[in-house]
Amino acid sequence: MTIKLTDAAKFYEETLEQKVAWEWLQNNISDEILKEFGIKYRKKSELSKVVKFTDAAKFYLEFAHQREAWEWLQNNISDEILKEFGIKYRKKPEVTQLITKKQLSYIWSRRESDISDAIINDLNRCLNTFKINTKSRMRHFISQISHESGGGKWMKEIASGRAYEWRRDLGNNRSGDGPRYKGAGFIQLTGRANYTAFSRYMKDERIMEGVDYVSSKYPATSAGFWWHNNHMNALCDRNPSVEQVTRRVNGGYNGLADRKHYYAKCCNII
């Protein structure tokens with residue numbers, strides 16, 4: 001299916017793959033079309049220089065004249081070029097495998113066969129996305145999520161979530177928000193406000209379906225989102241103790257011995 005340029009601009013995240021796609025498109029259409037697009041995009045009668053597609057996408061605010069410019073461009077370049085652009089734009093970034101099932105099975109004291117591909121893939125995506133990619137960062141992150149999830153056994157809160165109904169501090173402003181947006185993932189993303197922020201960050205509207213979707217699709221990535229927002233990598237780069245990291249994650253020292261146990265196992269294998 002041909003990609004819509006308005007969508008490509010709207011969801012531009014400045015990834016390497018997307019930048020390469022926009023630059024390829026820029027180099028494969030005529031100067032006349034580029035010039036006319038720039039005039040329409042900037043609402044000017046003439047331009048001193050050609051508009052870069054990467055800039056046009058980055059600063060796309062869905063104004064009517066911007067949308068009309070992208071639609072005009074869509075209608076004035078060939079289907080072959082649009083198809084190739086779509087392939088390049090949608091190319092999935094390579095995810096470096098930072099942890100294997102074998103390592104995780106040791107840390108969690110579980111058989112490799114008990115750890116699904118979905119979990120190990122999401123964990124590696126999380127580590128890559130949030131740059132949890134040094135020994136200190138990985139050891140602390142994995143040891144903390146291991147404790148919080150009981151070695152990967154719990155990917156959503158056991159309680160019903162009714163206690164969160166109408167909790168304004170969590171953004172729960174509709175009936176049913178408590179159970180729907182109860183804790184999901186290895187560090188239990190909780191509340192409509194946090195789900196909304198995560199949905200926007202991931203550009204995945206289905207996250208707003210609630211706990212079941214997040215716990216199955218993003219058990220680690222939702223935890224990494226919290227880790228990122230709380231600047232945990234910066235703390236880990238200062239060679240902190242397990243106590244210091246636990247204090248930031250937990251607000252106290254609950255389960256400290258278990259967290260230290262997991263941290264020691266992480267140090268043995270990471």
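Residues numbered from 1 in each chain as written. Predicted model: local features only at pLDDT ≥ 70, side-chain atom pairs only at ≥ 80, totals over all residues. Heavy atoms only, no water.

Undergrad: Would you mind going over the overall build of the protein in detail, with residue names and values included?
TA: Counting secondary structure elements, the protein contains 16 helices and zero strands. Dimensions along the principal axes, computed over C-alpha positions, put the protein at roughly 70 × 45 × 35 Å. Taking all 270 residues of the protein together, 46% fall into the buried category. By sequence separation, contacts in the protein at least 24 residues apart represent 60% of the contacts at least 6 residues apart. About 14,900 Å² of surface is accessible on the protein, with carbon and sulfur atoms providing 47% of the total. The protein carries 45 positive and 33 negative side-chain charges, and their two centres are separated by 6 Å. (Helix = DSSP H or I, 4+ residues; strand = E, 2+ residues; numbered from the N terminus. Buried < 20%, exposed > 50% of the residue type's maximum accessible area, 1.4 Å probe, protein only. Contact = heavy atoms within 4.5 Å. Areas by Shrake-Rupley, 256 points an atom, 1.4 Å probe, with all protein chains shown as cover. Lys, Arg positive; Asp, Glu negative; His and termini not counted. Charge placed at Lys NZ, Arg CZ, Asp CG, Glu CD.)

Undergrad: Hey, could you go over the nonpolar core for me, with residue numbers and the actual values?
TA: With 41 residues, the main nonpolar core has Ile-99 and Phe-141 as its most contacted residues. With five residues, helix α8 (residues 117–129) is the largest single contributor of residues to this core. Core analysis: the next-biggest nonpolar cluster, separate from the first, contains 26 residues, Leu-25, Val-51, Ala-57 and Ile-81 among them. (Core = buried A, V, L, I, M, F, W, Y, C linked by side-chain atoms within 4.5 Å.)

Undergrad: So what's going on with the environment of Thr-54? Residues and values would help.
TA: Here Thr-54 lies in helix α4 (residues 53–58). The sequence separation of Thr-54 and Val-20 amounts to 34 residues, and the corresponding C-alpha distance is 9.3 Å. With residues near it in sequence (within four places) discarded, Thr-54 still touches Tyr-12, Lys-19, Trp-22 and Glu-23.

Undergrad: Residue-level account of the state of the cysteines, with values.
TA: Taken as a whole, this structure holds zero disulfides when the rule is applied. Here Cys-236 stays unpaired: no disulfide links it, and the sulfur of Cys-266, its closest cysteine neighbor, is 11 Å away. For Cys-236, a relative accessible area of 1% translates into the label buried. (Disulfide = S-S within 2.5 Å.)

Undergrad: An account of the side chain of His-140 is requested, with residue identities and associated values reported.
TA: With respect to the secondary-structure elements, His-140 resides in helix α9 (residues 135–148). Judged by relative accessible area, His-140 falls into the buried class, the value being 1%. A distance of 3.4 Å separates the side chain of His-140 from the backbone oxygen of Pro-240, its partner in a polar contact. Apart from the residues within four sequence positions on either side, His-140 is in contact with Trp-227, Cys-236, Pro-240, Ser-241, Val-242, Val-245 and Tyr-263. (Polar contact = N/O pair within 3.5 Å; in protein donor to acceptor, adjacent residues only side chain to side chain.)

Undergrad: Help me get a handle on a positive patch on the surface, residues and values and all.
TA: On the surface, Arg-42, Lys-44, Lys-49 and Lys-52 cluster together into a positively charged patch. Residue placement: Lys-52 occurs in the loop between α3 (31–42) and α4. Under the relative-accessibility criterion, Lys-52 is labelled exposed at 53%. (Patch = residues over 30% accessible without salt bridge, like charges linked within 9 Å, V, L, I, M, F, W, Y side chains within 5 Å. Salt bridge = Lys/Arg side-chain N within 4 Å of Asp/Glu carboxyl O.)

Purely spatial values, then, with no claim about function.
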